[in-house]
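Below are the chains, spelled out letter by letter.
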Amino acid sequence: MPRDPRFDILFDPVRIGPVTARNRFFQVPHCSGMGHLLPRSDAAMRAMKAEGGWAVVCTEQCSFHPHAEAAPYPETKLWDRDDVVRMRHWTDAVHEHGALAGVELVSNASALPNYYSREIPLGPSHTPATYSHDPVQARAMDLDDIHEFRRWHRDAVLRSRDAGFDLVYLYCGHDIAMPMDFLTRRRNRRTDEYGGSLENRVRLLRELLEDTVGAVGGQMAVALRFATDELLGEDGVTWEDEGCKAIEMLADLPDLWDVNVSDWAHDSATSRFSSEGFQEPYVSFVKGMVKKPVVCVGRYTSPETMLSLITRGVSDFVGCARPSIADPFIPNKIDEGRLDDIRECIGCNICVTGQHMKTPMRCTQNPTVGEEWRRGWHPERIEPKGSEASVLVVGAGPAGLECALALGQRGYKVGLAEARRELGGRVTDESAMPGFSEWARVRDYRAYQIDKLHETVEVFRESEMTAETILDAGYRHVAVATGSRWRGDGIGRANTMGPIPGSDGAHVFTPNDIFGGASPASPVVVFDDDHYYMGGALAEQFRDAGLEVVLVTPAPVVSSWSEEALEQEIVQSRLVAMGVGIATGHNLTRIDADAVEIEGVYGEGARTVACASVVMVTSRLPNDGLYHGLKASPDRLAEAGVLSVRRIGDALGPGLIAAAVWSGHRYARELDGPPPGDVPFKRELVFV
Ligand code: ADP
Ligand code: SF4
């Protein structure tokens, strides 16, 4: 289909200093968890975005000198000529598909401990490591240090030019970069010409910009990533005051202004707590102040919002990190009039958790991310079917939906049987919780795409399958995607030896009971030994419904793993503000009719909490009875012509939705292919 002319403006070329972006789609710098340890993987992931039509594709933050090296995060590096050679592969990969390549040079300054280089971190003032709790301090730079720092930076700018980059970024954002440490009064307590007045605090940034502009000599564009607001009120930079004034001081220096809010948790806010375009109030003023092009972000996934961003003059580019991960082909899809094919980011931040885990990022919506090089997975292309065999997928949760879709795209004849009337499994349940509505996109994208494949994929709703009906159905392969269920007996991390006494009471519920319509009586105790979103989200839901709620968790904080998705502080503050009672560091040890007994995990004595109901969020069990039932009768399977029966998703091992989607996708990719082998992907080993 041709492009809707309304979107033509999104495809205007835009000049950025000496280079020209082919359109307005701009992948701003974002981490990948791959960095210098997995450079081929990172390059292949970025190249996919260039292929998908993005005009500018940037690295993650790139350490330019060992004085700030980001370990244990595997961040990209540009320290010496060897790094230049490695990053040449990166820029070549991006250039091959016609995109401009950008590099975000960074000094993480006082943020990180330098465990690899063992250099003492540097900062404007003596400050404890700010992005970690390591017992490490940054030392205050003297004027010689600042002089050296500028030289290191200038040399790295030249290396980035030699590595083939078209655009070099200065990074003054996210509360983890040297110029930002100098800018914000919270970190800069200097009394010399680099401290005190705003002009002094901006001095280093100005010098770095001038050095960079001088060094590149018009051969590369110079971009500045600048945090206009720290969302800390008068304790930090605010857009109305210092953000605005600093931009006024520097307006003409960079060729491009990339503006956002700080810190990373605010910038990459999840859909649970922010909606598309959430940064606009803090950045929309910039275009009126500068003559250079502006890019801003805000989890833009809808072409209409992107269009409005440009036509209203908020920004010259549509800046995206997460939306470009969930769908690297957004620009091409808009260009080809295929808006309905866009796989919209759900704002869950599972991608962010990859960076925090120091492992290749995963994406709930895009199972191919991180797999481009090592498994050769392409987000838009898949091998044609390897045989004429038909496949029955049992269960239409995220695993079953993705499996049926990818099999259908390969051309297999597929039956997708779902016990319930609605598709989506746990995604349908969980997206009804407060703040989770965007998560339904996992279901809606796949259901819509499956609908388009109706000639090959047949969907059977309200079709609870048994071993008998499966054997009678006449399919050659069976993928069992029957999901999992929360256990009600309290067994999990803290309680391992047996059920919590009293957990068989009629007033004890699981999340599945709640999704099934059960209404716990007030006051309710939520026992969270799972530590991701479920416990906190249900506590919020119950409180919204007017119940008295106490959340008990053995962890030191509420929803502790949400820290990895940048949500933990927001979750706990919200529950506190709502009046949810919180007992962290406590295990649930007994349930009575009108109270529970809880015990401190550090030896604090037992106490009781009065309640009328209890909701157990501890761990899950796979729904694998159907699978085992089928496998128990090999003769009958052979008789029915069934060649294989396999479990996928939560039925194989309960986990993240992202893991279920990936599992369904993997099954579809590997069907009829060569056996994957003991090490089922390519590895990047430096000495071979
Ligand atoms: P996953 O995350 O692995 O996709 P879910 O729990 O989200 O798992 O989804 C599993 C789906 O399987 C649910 O929608 C459930 O209704 C469905 N299901 C479970 N057992 C059967 C069955 N015997 N026949 C058909 N559908 C089933
Ligand atoms: Fe978006 Fe979630 Fe994918 Fe990240 S993991 S890109 S937030 S869908």
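My aim in this report is to walk through the structure given alongside it, one point at a time. (Residues numbered from 1 in each chain as written. Chains lettered and ligands numbered in written order. Predicted model: local features only at pLDDT ≥ 70, side-chain atom pairs only at ≥ 80, totals over all residues. Heavy atoms only, no water.)

## Observations concerning the site of ligand 1
Note the cut-off: Any residue with a heavy atom lying within 4 Å of a molecule or strand is counted as near it. The term polar contact refers here to a pair of N or O atoms within 3.5 Å; inside protein, the definition further demands a hydrogen-donor-capable atom paired with an acceptor-capable atom, and it admits residues adjacent in sequence only when both atoms are side-chain atoms. The accessible surface values rely on the Shrake-Rupley method and a 1.4 Å probe; as for residues, cover is taken only from the protein chains in view. Three classes are used: nonpolar for Ala, Val, Leu, Ile, Met, Phe, Trp, Tyr, Cys and Pro, charged for Asp, Glu, Lys and Arg, and polar for all others, with Gly counted as polar.
Ligand 1 sits among 23 residues. The nearest are Ala399, Glu418, Arg426, Met465 and Asp650. Between an oxygen atom of ligand 1 and a main-chain N or O atom of Ala399, the distance comes to 2.8 Å. Here Glu418 contributes a side-chain N or O atom positioned 2.6 Å from an oxygen atom of ligand 1. Bound to the protein, ligand 1 loses 89% of the 580 Å² it would expose on its own. Of the residues assigned to the shell around ligand 1, the class counts are ten nonpolar, eight polar and five charged.

## A look at the sheet that holds strand 17 (residues 457-460)
One key point about sheets: their strands pair by backbone hydrogen bonds, in either a parallel or an antiparallel sense. Which entries qualify depends on this criterion: Criterion used throughout: strands pair if DSSP finds at least two bridges between them. Secondary structure elements are taken from DSSP: a helix is a run of H or I of four residues or more, a strand is a run of E of two residues or more, and numbering for both begins at the N terminus. In this analysis an axis means a line fitted to C-alpha atoms, helices contributing only their contacting stretch, and an angle means the value between N-to-C directions, from 0 to 180 degrees. Note on contacts: a residue pair qualifies if any of its non-hydrogen atoms lie within 4.5 Å across the two residues.
The five strands are arranged 17-16-15-18-29 in an open sheet whose pairing can be described as parallel. In this open sheet, the two edge strands, each paired with only one partner strand, are strand 17 and strand 29 (644-647). On average, each strand axis in the sheet is inclined to that of its neighbour by 15 degrees, with strand direction left out of account. The pairing of strand 15 (residues 391-394) with strand 16 (residues 414-417) spans four bridges and is classified as parallel. In the sheet register, Leu392 faces strand 16, and the bridge partner there is Gly415. Together, strand 15, strand 18 (477-480) and strand 29 form the strand contacts of helix 22 (residues 657-670), whose direction differs from that of strand 18 by roughly 165 degrees.

## Here's the deal with the nonpolar core
Note on soluble globular proteins: their nonpolar side chains tend to be buried together. We count it as follows: Joining through side-chain atoms within 4.5 Å is the link that ties buried Ala, Val, Leu, Ile, Met, Phe, Trp, Tyr and Cys residues into a set, and such a set is a nonpolar core. For each residue, the accessible area found with a 1.4 Å probe, counting protein chains only, is set against the maximum for its type, and the residue is called buried under 20%, exposed over 50%, and partly exposed in between.
Counting residues in each nonpolar core, the largest one holds 77 residues, and the members touching the most others are Leu10, Phe25, Leu105, Leu224, Phe226, Trp257 and Val318. Ranked by the residues each element gives to this core, the list is headed by helix 5 (residues 198-216), at eight residues. Among residues more than four places away in sequence, those in contact with Leu10 are Asn23, Arg24, Phe25, Met306, Leu307, Ile310 and Val318. Ranked by size, the runner-up nonpolar core spans 34 residues in total, among them Ile350, Met534, Val617 and Ala658.

## Regarding the pattern of salt bridges
In a structure, side chains of opposite charge can pair up when their charged atoms sit close to one another. Basically, it comes down to this: The salt bridge definition used is simple: a Lys or Arg side-chain nitrogen within 4 Å of an Asp or Glu carboxyl oxygen.
Under the counting rule described, the total for this entry stands at 57 salt bridges. Here Arg590 ties to Asp592 by a salt bridge, and the two come within 2.9 Å at their closest N and O atoms. By relative accessible area, Arg590 is classed as partly exposed at 32%. On the basis of relative accessibility, which here comes to 27%, the residue Asp592 falls in the partly exposed class. Glu670 is paired through a salt bridge with Arg666; the nearest N and O atoms lie 2.9 Å apart. One end of the pair, Glu670, and the other, Arg666, are both in helix 22, four residues apart, so they sit about a helical turn from each other. The partly exposed category is assigned to Arg666, whose relative accessible area is 23%. Within the structure, one salt-bridge network assembled from shared partners comprises Asp327, Lys333, Glu336, Arg338, Asp341, Arg343, Glu380 and Lys452.

## A look at the sheet that holds strand 21 (residues 524-528)
The strand order 20-27-21-22-23 describes an open sheet built from five strands, whose pairing is parallel. Single-partner strands in this sheet number two, and they are strand 20 (508-509) and strand 23 (581-584). Both strand 21 and strand 22 (residues 549-553) contribute to a ladder of four bridges, which runs parallel. Bridge pairing in strand 22 places Phe527 opposite Val552.

## Focus on the site of ligand 2
If you check the shell around ligand 2, you find 14 residues, and the closest are Cys345, Cys348, Asn349, Cys351 and Cys363. Put simply, the parts of the chain that give the shell around ligand 2 at least two residues each are helix 10 (322-326) and helix 12 (350-357). Looking at the shell around ligand 2, the element that brings in the most residues is helix 10, giving three residues. A class-by-class count of the residues in the shell around ligand 2 yields eight nonpolar, four polar and two charged.

## Some points on helix 19 (residues 568-578)
The periodicity of an α-helix, 3.6 residues per turn, causes residues three or four positions apart to be oriented the same way. Filter applied, for reference: Working note: the arc is built from the helix axis to C-beta atom directions.
Every buried residue belonging to helix 19 is among Gln568, Val571, Gln572 and Leu575, and all of these are buried. Angularly, the buried residues of helix 19 cover 90 degrees about the axis, an arc narrow enough to put them on a single face. Among the exposed residues of helix 19, those pointing more than 90 degrees away from its buried face are Glu569 and Ala577. Residues of helix 19 that are buried in the fold lie against helix 18 (533-544), strand 22 and strand 23.

## What to know about unusual backbone geometry
Peptide bonds are mostly trans, and most non-glycine residues show a negative phi. Geometrically, the link from Ala71 to Pro72 is a cis peptide bond, its omega value of 10 degrees lying close to zero. In this fold, Pro72 is placed in the loop between strand 4 (56-63) and strand 5 (76-77). Look at the link from Ser522 to Pro523: it is a cis peptide, with omega at -5 degrees. In this structure, Pro523 sits in the loop between helix 17 (511-515) and strand 21. In this structure, Glu462 is a non-glycine residue whose phi angle is positive, near 45 degrees. Looking at Glu462, the relative accessible area reads 52%, which means it is exposed.

## Some details on the state of the cysteines
What we call a disulfide is simply a covalent bond connecting the sulfur atoms of a pair of cysteines. How we decide: Whenever a pair of cysteine sulfur atoms sits within 2.5 Å, that pair is classed as a disulfide.
Taken as a whole, this structure holds zero disulfides when the rule is applied. Of all cysteine sulfurs in the structure, the one in Cys244 sits closest to Cys172, which takes part in no disulfide; the separation is 15 Å. Assessed through its relative accessible area of 0%, Cys172 is described here as buried.

## Quick word on the packing of aromatic side chains
Stated formally: Stacked, tilted and edge-to-face pairs are distinguished by plane angle, under 30 degrees for stacked and over 60 for edge-to-face with tilted covering the rest, among Phe, Tyr and Trp rings (Trp via its six-membered ring) whose centres lie within 6.5 Å.
Applying the stated criterion to the full structure yields 16 aromatic pairs. Relative to Phe165, the ring of Trp90 lies with its centre 5.6 Å away and its plane at 40 degrees, an arrangement referred to as tilted. With a gap of 75 residues between them, Trp90 in helix 2 (residues 81-95) and Phe165 in the loop between helix 3 (143-162) and strand 10 (167-172) connect regions that are remote in the sequence. An identical accessibility class is assigned to Trp90 and Phe165; each is buried. Among the aromatic residues, those joined into a cluster by ring pairs are Phe436, Trp439, Tyr532, Tyr533 and Trp561.

## Regarding the side chain of Asn587
Turning to its location among the elements, Asn587 is positioned in strand 24 (residues 586-591). With sequence-adjacent residues up to four places away left out, Asn587 is seen in contact with Ala494, Asn495, Phe527, Pro554, Glu597, Ile598, Glu599 and Val601.

## Section: the packing of helix 18 against helix 19
When two helices pack together, their arrangement is captured by the angle between the axes and the distance separating the axes. Condition: Roughly parallel covers angles under 35 degrees, roughly antiparallel covers those over 145, roughly perpendicular covers 65 to 115, and oblique covers all other angles. In this scheme the crossing of two helices becomes right-handed for a clockwise turn of the near helix relative to the far one and left-handed for an anticlockwise turn of less than a right angle.
It is the contact of helix 18 with helix 19, at a shortest axis distance of 10 Å, that shows an interaxial angle of 25 degrees. Taken as axis vectors, helix 18 and helix 19 run roughly parallel relative to one another. You can see that helix 18 and helix 19 cross each other, and the crossing is left-handed. Here Gly536, Ala539, Glu540, Arg543 and Asp544 of helix 18 lie close against helix 19, whose contacting residues are Arg574, Leu575 and Met578. Residues that form the contact of helix 18 with helix 19 fall into these classes: three nonpolar, one polar and four charged.

## Digging into helix 13 (residues 398-410)
For clarity, the threshold we go by: To estimate how far a helix should reach, multiply one less than its number of residues by 1.5 Å.
An ideal rise of 1.5 Å per residue puts 18 Å on 13 residues; helix 13 measures up with 18 Å between its terminal C-alpha atoms. Of all 13 residues making up helix 13, twelve are buried, and the element is well covered by its neighbours. By the burial criterion, the buried members of helix 13 are Pro398, Ala399, Gly400, Leu401, Glu402, Cys403, Ala404, Leu405, Ala406, Leu407, Gly408 and Arg410. Looking one or two residues past helix 13, Gly411 carries a phi angle of roughly 100 degrees, positive in sign.

## Some words on the environment of Val442
Turning to its location among the elements, Val442 is positioned in helix 15 (residues 441-452). Classification of Val442 by relative accessible area gives buried; the value is 1%. Considered as a pair, Val442 and Gln365 are 77 residues apart in the sequence and their alpha carbons are 6.2 Å apart. When near neighbours in sequence (up to four residues on either side) are disregarded, Val442 contacts Ile346, Thr364, Gln365, Pro398, Val427, Ile657 and Val661.

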